[in-house]
Amino acid sequence: MLEGKTVNLRIMEKEDLPLFVEWINNPEVLSEYNPPRQMSRTEAERHHEKGNSEEGEFIIEKKDGSKIGYICHFTLVHPAGKHLEIGYFLVPSERGKGYGTEALGIMVDYLFLSKDVMRIQVQTDVRNVVSQKVIEKVGFRREGTLRKNFFMRGEWVDACIYSILREEWKEPRILTKKVPAK
Ligand SMILES: CC(C)(COP(=O)(O)OP(=O)(O)OC[C@H]1O[C@@H](n2cnc3c(N)ncnc32)[C@H](O)[C@@H]1OP(=O)(O)O)[C@@H](O)C(=O)NCCC(=O)NCCS
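Fair warning: this is a prediction, and the values are worked out from it, not measured in the lab. (Residues numbered from 1 in each chain as written. Predicted model: local features only at pLDDT ≥ 70, side-chain atom pairs only at ≥ 80, totals over all residues. Heavy atoms only, no water.)

Peer 1: What should I look at first to understand the site of the ligand in this one?
Peer 2: Near the ligand, the surroundings consist of 21 residues, among which L90, G98, T101, N128 and K137 are the closest. Here a nitrogen atom of the ligand and a backbone polar atom of Y88 are 2.9 Å apart. A distance of 3.3 Å separates an oxygen atom of the ligand from a polar atom in the side chain of R95. When contributions to the shell around the ligand are tallied by element, the ones reaching two or more residues are strand 5 (81-90), helix 4 (99-114), strand 6 (119-125) and helix 5 (129-137). Top contributing element to the shell around the ligand by residue count: helix 5, with five residues. Among the residues forming the shell around the ligand, the class breakdown is seven nonpolar, ten polar and four charged. (Near = heavy atom within 4 Å. Polar contact = N/O pair within 3.5 Å; in protein donor to acceptor, adjacent residues only side chain to side chain. Helix = DSSP H or I, 4+ residues; strand = E, 2+ residues; numbered from the N terminus. Nonpolar A, V, L, I, M, F, W, Y, C, P; charged D, E, K, R; others polar.)

Dropping the structure here:
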């Protein structure tokens, strides 16, 4: 469990899959800035059971244990290195309360504390100003625009790419160095 001040990130378990599938299939949860998905429970179970050391999936929980969102990290493999990327969403009723900023901050601390990576990146739809605000508040810098990067709802849309380097992060802001390495 990665513990923050108002939210915790808990590794996703098999028992979370029905709720996760409900969220993924709900365009309001994914929002207009993520491509709509159709995912069966079987597909989610298969993916979960297969496991993957290059990625991690977490449920964002409030302190009372209520499940309010999802955050993951995954690796984009390139011949000259690996790039760690983060994706996330909150259920609509829990947005705008600071939870997204805290969850992203926890994930950045966790990744720099537990993995030997130089940079972490996030890509987001150029129109997604709330997500960009969250990303910037956590200390990421905008690197540029990825033209026609996502295919969503019948059109190609531009994305902006942000990164935070280990030297910019410097030290954990929410977690402590006692976080379990994984
Ligand atoms: C993006 C998302 C995770 C942000 O989390 P959040 O908890 O809603 O954001 P926060 O409450 O931490 O807000 C961060 C900043 O954005 C601002 N903000 C939040 N909602 C806003 C809104 N609807 N309009 C304008 N600004 C808003 C906040 O005021 C805050 O800035 P401030 O500290 O200067 O006041 C969440 O809105 C979400 O799940 N959106 C849909 C899915 C999505 O876009 N995922 C990201 C894909 S890259």
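Peer 1: Could you clarify how one ought to interpret the pairing of strand 2 (residues 7-11) in this entry?
Peer 2: The side chains of a regular strand alternate, first on one face of the sheet and then on the other. Across the five residues of strand 2, four count as buried, placing the element largely inside the fold. Here strand 1 (residues 2-3) folds back onto strand 2 in antiparallel fashion, the turn holding three residues. Direction of pairing for strand 2 relative to strand 3 (residues 56-62): antiparallel, over a ladder of five bridges. What sits directly across from V7, in strand 3, is K62. (Buried < 20%, exposed > 50% of the residue type's maximum accessible area, 1.4 Å probe, protein only. Pairing = 2+ DSSP bridges.)

Peer 1: In this structure, what is going on with the sheet that holds strand 3? I would like to understand it.
Peer 2: Sheets are built from strands paired through backbone hydrogen bonds, the pairs being either parallel or antiparallel. The eight strands lie next to each other as 1-2-3-4-5-6-8-7, forming an open sheet whose pairing is mixed. Two strands close off the open sheet at either side, each with one partner strand: strand 1 and strand 7 (141-152). Sitting on the sheet, helix 5 is in contact with strand 5, strand 6, strand 7 and strand 8 (155-165), with an inclination near 165° to strand 6. (Contact = heavy atoms within 4.5 Å. Axes fitted to C-alpha atoms, helices over the stretch in contact; angles between N-to-C directions.)

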